[in-house]
Amino acid sequence: MTDKKKSQVLVTIQFILLAVIFFLPVSAPAASTPSWILELGSFIVWPGLGMVLISIFKLGQSLTTSPIPKEDSELKTDGLYKWIRHPIYTGLIITTLGIALEVGSVGKLFFVAGLIVLFNYKAKWEESLLLERYPEYRTYMSKTGRFVPRLNR
C-alpha cells in the first residue's frame, strides 16, 4: 500500500470514529451512572475543543489531516507543541471522552478507545515521516510527550 493510500485509509477511519462518537444516538444514562461522571464529561469537552482550535491555528499553512507532512510545512515546536507533539489528537481525545462521559455511553467509550488506538498508530507513523524530513525532530521527541506533557522536561 502506498503512503498516500495508507494516509487516506487512516483519515477515513478517523472521521468515521469521530462521526460515530459525535452523532451516535444514545439513550439516557443508566440510573447507576454517578452524576460526577456526567459532570466531568461536560467539564472536559470545552477545554478539549479549545486545545484542538488553538493547535489548528498554530499549525496554519502546515495543517493537513494526512500524517504525511506537506511539502512546504514547517516544524512547530512552540505554543501547545512545546508541551505535546500531537495536541490536536490530545484535544480530540479529551473532547470525545467528554462527550462519551457526559451522556454516560459505554458504547461511545468503546469508540473513543478505538480512536486512541488509531491516533497512537497514526502518530507513530507521522513521527517516522517527520524524522526523515526534520533531523531536529529526534531531540524534540526526547523532550516532548506524544499526547501528554513529559514531567521530566
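Everything numeric in this text was worked out from a predicted model, so none of it was measured. (Residues numbered from 1 in each chain as written. Predicted model: local features only at pLDDT ≥ 70, side-chain atom pairs only at ≥ 80, totals over all residues. Heavy atoms only, no water.)

A. Geometry of the pattern of salt bridges. For the structure on display, the rule yields five salt bridges. Linking aspartate 78 and lysine 58 is a salt bridge whose minimum nitrogen-to-oxygen distance equals 2.9 Å. Taken together, the positions of aspartate 78 in the loop between helix H2 (35-59) and helix H3 (87-102) and lysine 58 in helix H2 put the pair 20 residues apart, joining distant regions of the chain. Residue lysine 58 is classed as partly exposed on the basis of its relative accessible area, which comes to 31%. Between glutamate 74 and lysine 76 there is a salt bridge whose closest N-O contact spans 3.6 Å. With a relative accessible area of 53%, glutamate 74 lands in the exposed category. (Salt bridge = Lys/Arg side-chain N within 4 Å of Asp/Glu carboxyl O. Helix = DSSP H or I, 4+ residues; strand = E, 2+ residues; numbered from the N terminus. Buried < 20%, exposed > 50% of the residue type's maximum accessible area, 1.4 Å probe, protein only.)

B. Fine view of the packing of aromatic side chains. Counting across every chain of the model gives five aromatic pairs. Taking the centre distance of 6.3 Å and the plane angle of 45 degrees together, the rings of phenylalanine 22 and phenylalanine 23 count as tilted. Judged by relative accessible area, phenylalanine 22 falls into the partly exposed class, the value being 35%. Overall, phenylalanine 23 belongs to the exposed group, its relative accessible area being 66%. Cluster of aromatic residues (ring-pair linked, three or more members): Tyr89, Phe119 and Phe147. Over the ring of tryptophan 125 we find lysine 6; its NZ or CZ atom is 4.4 Å from the centre of that ring. (Phe/Tyr/Trp six-rings, centres within 6.5 Å; stacked < 30°, edge-to-face > 60°. Lys NZ or Arg CZ within 6 Å of the ring centre and 35° of its normal.)

C. Main features of the environment of tryptophan 36. Mapped onto the elements, tryptophan 36 comes out in helix H2. Since its relative accessible area comes to 55%, tryptophan 36 is described here as exposed. Each C-alpha atom, one on tryptophan 36 and one on glutamate 102, is 9.3 Å from the other, the two residues being 66 residues apart in sequence.

D. Region of the structure containing the nonpolar core. Counting 27 residues, the largest nonpolar core has Ile88, Leu92, Leu115, Phe119 and Tyr137 as its most contacted members. Residue assignment for this core shows that the elements contributing at least two residues are helix H1 (3-23), H2, H3, helix H4 (106-133) and helix H5 (137-143). Residue contacts for phenylalanine 119: discarding those within four places in its chain leaves Gln14, Tyr89, Leu92, Ile93 and Phe147. (Core = buried A, V, L, I, M, F, W, Y, C linked by side-chain atoms within 4.5 Å. Contact = heavy atoms within 4.5 Å.)

E. Looking closely at the packing of H2 against H3. At a minimum axis distance of 7 Å, the contact between H2 and H3 shows a crossing angle of 155 degrees. Between H2 and H3, the crossing angle belongs to the class labelled roughly antiparallel. By crossing handedness, the relation of H2 to H3 is classed as left-handed. Each residue belonging to the contact of H2 with H3 can be placed in one class, and the counts come to 17 nonpolar, eight polar and one charged. (Axes fitted to C-alpha atoms, helices over the stretch in contact; angles between N-to-C directions. Parallel < 35°, antiparallel > 145°, perpendicular 65-115°, else oblique. Left-handed = near helix turned anticlockwise from the far one by under 90°. Nonpolar A, V, L, I, M, F, W, Y, C, P; charged D, E, K, R; others polar.)

F. Representation of the packing of H1 against H3. The interhelical angle for the contact between H1 and H3, taken along N-to-C directions, is 30 degrees, at an axis separation of 9 Å. Viewed along their axes, H1 and H3 adopt a mutual orientation that is roughly parallel. For the pair formed by H1 and H3, the contact residues are Gln14, Leu18, Ile21 and Phe22 on the first element and Leu92, Thr95, Thr96 and Ile99 on the second. Taken together, the residues of the contact of H1 with H3 sort by class into five nonpolar, three polar and no charged.

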